[in-house]
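Each chain, letter by letter, is given below.
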Amino acid sequence: MNWPQCPTGKSLFIKANAPVRIVTAPMKRLRYVRSVALHGKVHYRGSVADTTIIPISPPLAKEERTVRNAHNNMNINQNANLDLFDDLNKSKEQKKVLVVDTVPKDARNQGSINLGLEIVKDKMDADVCHWWEMVPNVGKYELIGFNVFYPTALLNIVPFLRKNNLSLLKPGRGIKTIAGGPGIGHNNILGGIIDETFLGEYDEFENIKEITSKPYFKGNKAVIELTRGCRSRCHFCEYIWSNPSNRQKPIELVKEQIDYVVSKGIRNINFMSANFTGYHHVQELAPYAASKGVVIKNSDITIRDAHNIFPILKYLPKYLKMGVESFDEKTRIKIGKKFTDEHLFLTIKKLLRHCSDLHFYLIYGLPDDDYTKWFKWLKILGDLRKTYRHKVPNLFNPEGELENTKPIRFEFSITNFEPADGTLLESANQVDFKEKNKFLKKWFSALIENGFVDKKLKGRLDYKNFKGRIGRKKKSYDLLMELKKGGPELTDHLVNVYPNGVGRSISDDESMKFLNFRQKKERTVQNAQIRSR
Ligand code: SF4
C-alpha cells in the first residue's frame, strides 16, 4: 500500500490491497477501511507521522503473530486476555481452576486491569468470575482461587461460597481453595475458611532478576508492567518490604511490547509501576511511545525521582498525582520520604510548566506529625496559584480584573495511617479520631481560606462531600484494622456478619455489626471463663 500525503496536510490518500485499520493519533480516532484494493480518502488533522496504518486482514503471518520475549523466550498469545471475563462462558467445560475476583461491585476504576489477577488467570489457565456470581457447575473445578486486592474485600469470600452452595468452612468442601493478592497479610485471618493463602508474586521465578511479564488488555486499554518493588522503601509501605526488591523490565522488551499492543489497535497504555518516574529508561520510553501514537496513562509520580520526567513532561498527562504523605519535612524524612520542602516546592513549580492539575496524597496520623506545617503549605500553594493570574484592564475597571494566565488546580486526599505488619512502623499508634476531627475542622477552613474549595461550602464540609478524600471514618477504620490484625478468632465474623458481602465504603452501622460481634464474642468467652473458675 502507499499513502502519499496531500499537499494541504489535511487529507490522507491511501491505496491498500488489503483491509487496513488507520489510526490517527491526534484525533484519537480509529478508522476502518474494509474493502480490498481500496483507494480511499481520509480527512484528519495531523501529519502522516502521526498516522499508523495497520493491516487487519488477511491475518498477519504466523511468525509476526508471535512477539518473542527476548529474555525468556516466552510467547505472547495474541488472542489471550482481550477481555478477562469473556472466557468464563467459552471455556467452562475444560478448565479446572476458577479465580474469583473479590473487588466490590461499586469499586472505583472497575474498568482498570488487575495485573496480578490476569497473571494468575493466564498461568493457571483459569476461568474468572466476580464474587457475586452464581457459577454453573462449580463442582467441576479442582481449585478455586480468590484474588483479594484490598483487605475489606476479604469479606466477599464467604458470600461467594454461600451463593454457590459450597461449604463456608474448610472441612468438607471437596474443592481446594487458595487466596492471594495485596489484601492478604501474614495474619492467618482465613485459616478457618481457605486451605492456603499465597503471599508474594505468583510468577516470581520468571521475574526474579528483571521483569519479563507480557502485556495485558481490557477493552481499549493495555497494561505493560515496567517495574516491581520500589527503591524508596518508605517505612509505612507494605508494598516494598517484600523480596526481591526493585526490578525493572529491559527497555528493548518494553518497546517490543509497545509495538505489539499498537499492532492490536490499542493506544492507551498504563506502564504499571509503583514508581514510574524511577524507571531507568523512562526518558527513552516516553518519546518512543509517543512516536507510536501511544497515550501514556500513568499519572502517579514520586517526588524523589521527578527530575527524570522533567525533560519528557510533554508526553505525560497534565494531571499528575504524588505521594507527599506529610507536609512536615521532619516527619517525611523520619518515615523514609527523603525530600526537603525546597525540593518539593521546586518540583511543583517545574511540573506546573506542563501540568495544570496536581494531586497530593497525604497520610493523617503519622507518628509525631506537625500539622502546623500542613497549614503553612496550604498557604504556600494557595499563593502559588495566585501567581498564575494577572490584571487585565477593561472599560469599566481601568485598574483591571484578575484573569488566570493558567488555570491551576491543586487537590489533596488524606488517608488514615494504617500501621501494617512487616513495616518499620508496625507498632506505631493508630489514628486518634478525636484529634483528627479537630484537625479536619481547621483543614476545611484552610482549604476555603486559600481558595481550594468554594466559600459557599463553609460549615458544610464533611466525609460525605469529600467523597473519600479525607479517609475512612473511625468505625470503618477500626474494622479495617481488625481485618489487618487478623487471627483465626475472626473466622466466625467472616462467616456470619456480612452474608451479602460489602461495597467500597462500609458505613458506621455496617462496621459496628462487625465490631460488636467481636465484643459480644469476647464477653461470652470472658463469662464462660468466670463461670468455670
Ligand atoms: S515511594 Fe510509594 S511505593 Fe515506593 S516505598 Fe514509598 S510509598 Fe511505597
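Here the structure is a predicted model, which is why all the values come from computation and not from measurement.

Some details on the sheet that holds strand S12 (residues 221–225)
Strand order in the open sheet made by the 4 strands is S11-S12-S15-S16, with mixed pairing throughout. The outermost strands of the open sheet, each flanked by one partner alone, are strand S11 (216–218) and strand S16 (295–296). Where S11 and S12 come together, 3 bridges link them in antiparallel fashion. Looking at the pairing, Lys218 lines up with Lys221 of S12. This element, helix H5 (residues 251–263), spans S11, S12 and strand S15 (268–272) of the sheet and lies at about 170° to S12.

Side note on the nonpolar core
Residues Phe271, Phe410, Phe412 and Trp443 are the most contacted members of the largest nonpolar core, which totals 79 residues. Per element, the largest residue contribution to this core is 8 residues, and it comes from helix H10 (residues 433–449). Setting aside chain neighbours within four positions, we find Phe271 in contact with Ile224, Leu226, Val254, Ile258, Phe276, Leu285, Ala289, Val294, Ile296 and Asn298. Residues Trp131, Ala153, Ile194 and Val502 belong to the second largest nonpolar core, which totals 35 residues.

Here's the deal with the environment of Gly400
Turning to its location among the elements, Gly400 is positioned in the loop between strand S20 (389–392) and strand S21 (401–404). With relative accessibility at 8%, the residue Gly400 sits in the buried group. In this structure Gly400 touches Lys391, Val392 and Pro393, once residues within four positions along its chain are discounted.

Digging into the packing of aromatic side chains
For the structure shown, the criterion picks out 26 aromatic pairs. Seen in terms of ring centroids, Tyr371 and Phe439 are 5.0 Å apart; in terms of plane orientation they differ by 50°. Their pairing is tilted. Taken together, the positions of Tyr371 in helix H9 (residues 371–386) and Phe439 in helix H10 put the pair 68 residues apart, joining distant regions of the chain. Taking the relative accessible area as the measure of exposure, Tyr371 reaches 17% and is therefore buried. Looking at Phe439, the relative accessible area reads 5%, which means it is buried. Ring centres of Phe412 and Trp443 lie 5.8 Å apart, and the angle between their planes is 85°; on these two criteria the pair is classed as edge-to-face. Taken as a pair, Phe412 in strand S22 (residues 409–416) and Trp443 in helix H10 lie far apart in primary sequence, 31 residues in all.

Points about the confidence of the model for the chain
Per-residue confidence for the chain gives a mean pLDDT of 82, with 80% of residues at or over 70. pLDDT under 50 marks residues 54–92. Its contacts with residues more than four places away, or in other chains, come to 90 contacts.

Observations regarding the packing of H9 against H10
For the pair H9 and H10, the least separation of the axes is 10 Å and the interaxial angle reads 15°. When the axes of H9 and H10 are compared, the pair comes out roughly parallel. Here H9 runs over H10; the crossing is right-handed. On H10, the residues that touch Tyr371, Trp374, Phe375 and Leu378 of H9 are Phe439, Lys442, Trp443, Ala446 and Leu447.

Let's talk about helix H8 (residues 341–351)
Within H8, the full set of buried residues consists of Leu344, Thr347, Ile348 and Leu351. The buried residues of H8 all sit within an arc of 100° when viewed along its axis, so they share a single face. Here the buried face of H8 lies against strand S17 (300–301), strand S18 (319–325), helix H7 (329–334), strand S19 (357–364), H9 and S22.

Regarding the pairing of S12
Of all 5 residues in S12, 4 are buried, a share of seventy percent or more. As paired strands, S12 and S15 are joined by 5 bridges and run parallel to one another. In the sheet register, Ala222 faces S15, and the bridge partner there is Ile269.

What to know about the sheet that holds S18
A sheet is described by the order of its strands in space; here 4 strands give the open sequence S17-S18-S19-S22, paired in parallel fashion. Either end of the sheet is taken by a strand with one partner, and the two such strands are S17 and S22. Lying over the sheet, H10 contacts S19 and S22, oriented at roughly 175° with respect to S22.

Some points on H5
An α-helix turns once every 3.6 residues. As a result, residues three or four positions apart point the same way. With 13 residues, H5 should reach 18 Å at 1.5 Å per residue; the first-to-last C-alpha distance of 18 Å fits that figure. Within the sequence span of H5, burial applies to Ile251, Leu253, Val254, Gln257, Ile258, Tyr260, Val261 and Val262. A positive phi of about 80° marks Gly265, the residue just after H5.

Remarks on the environment of Phe439
Between the C-alpha atoms of Phe439 and Thr372, which are 67 residues apart in sequence, the distance is 10.0 Å. Residues within four places of Phe439 in sequence aside, it is in contact with Tyr364, Tyr371, Trp374, Phe375 and Ile414.

A word on unusual backbone geometry
Phi at Arg233 takes a positive value of approximately 50°, unusual for a residue other than glycine. Here Arg233 is to be found in the loop between strand S13 (227–228) and strand S14 (247–248). The exposure class of Arg233 is partly exposed, given its relative accessible area of 27%. A positive phi is found at Glu325, a non-glycine position, where the angle reads about 70°. Counting through the fold element by element, Glu325 comes out in strand S18.

Topic: the pairing of strand S9 (residues 176–180)
Counted residue by residue, S9 has 4 buried out of 5 residues, so it is predominantly covered. Relative to S9, strand S8 (residues 143–147) runs parallel, the two sharing 5 bridges. Residue pairing for S9: Ile144 is matched across the bridge by Thr177. Remark: the S8/helix H4 (residues 157–163)/S9 crossover connection has right-handed handedness.

Details of the packing of H8 against H9
The geometry of H8 relative to H9 is characterised by a closest axis approach of 12 Å and an angle of 25° between their N-to-C directions. It follows from the interaxial angle that H8 and H9 lie roughly parallel. In terms of crossing hand, the pair formed by H8 and H9 is right-handed. Contacts from Asp341, Leu344, Phe345, Ile348 and Lys349 of H8 reach H9 at Trp377, Ile380, Leu381 and Leu384. Broken down by class, the residue content of the contact of H8 with H9 amounts to 7 nonpolar, no polar and 2 charged.

What counts and what doesn't
- Residues numbered from 1 in each chain as written.
- Predicted model: local features only at pLDDT ≥ 70, side-chain atom pairs only at ≥ 80, totals over all residues.
- Heavy atoms only, no water.
- Pairing = 2+ DSSP bridges.
- Helix = DSSP H or I, 4+ residues; strand = E, 2+ residues; numbered from the N terminus.
- Contact = heavy atoms within 4.5 Å.
- Axes fitted to C-alpha atoms, helices over the stretch in contact; angles between N-to-C directions.
- Core = buried A, V, L, I, M, F, W, Y, C linked by side-chain atoms within 4.5 Å.
- Buried < 20%, exposed > 50% of the residue type's maximum accessible area, 1.4 Å probe, protein only.
- Phe/Tyr/Trp six-rings, centres within 6.5 Å; stacked < 30°, edge-to-face > 60°.
- pLDDT = per-residue confidence, 0-100.
- Parallel < 35°, antiparallel > 145°, perpendicular 65-115°, else oblique.
- Left-handed = near helix turned anticlockwise from the far one by under 90°.
- Arc of directions from axis to C-beta.
- Expected span 1.5 Å × (residues − 1).
- Right-handed = clockwise from strand over helix to strand, strands pointing away.
- Nonpolar A, V, L, I, M, F, W, Y, C, P; charged D, E, K, R; others polar.

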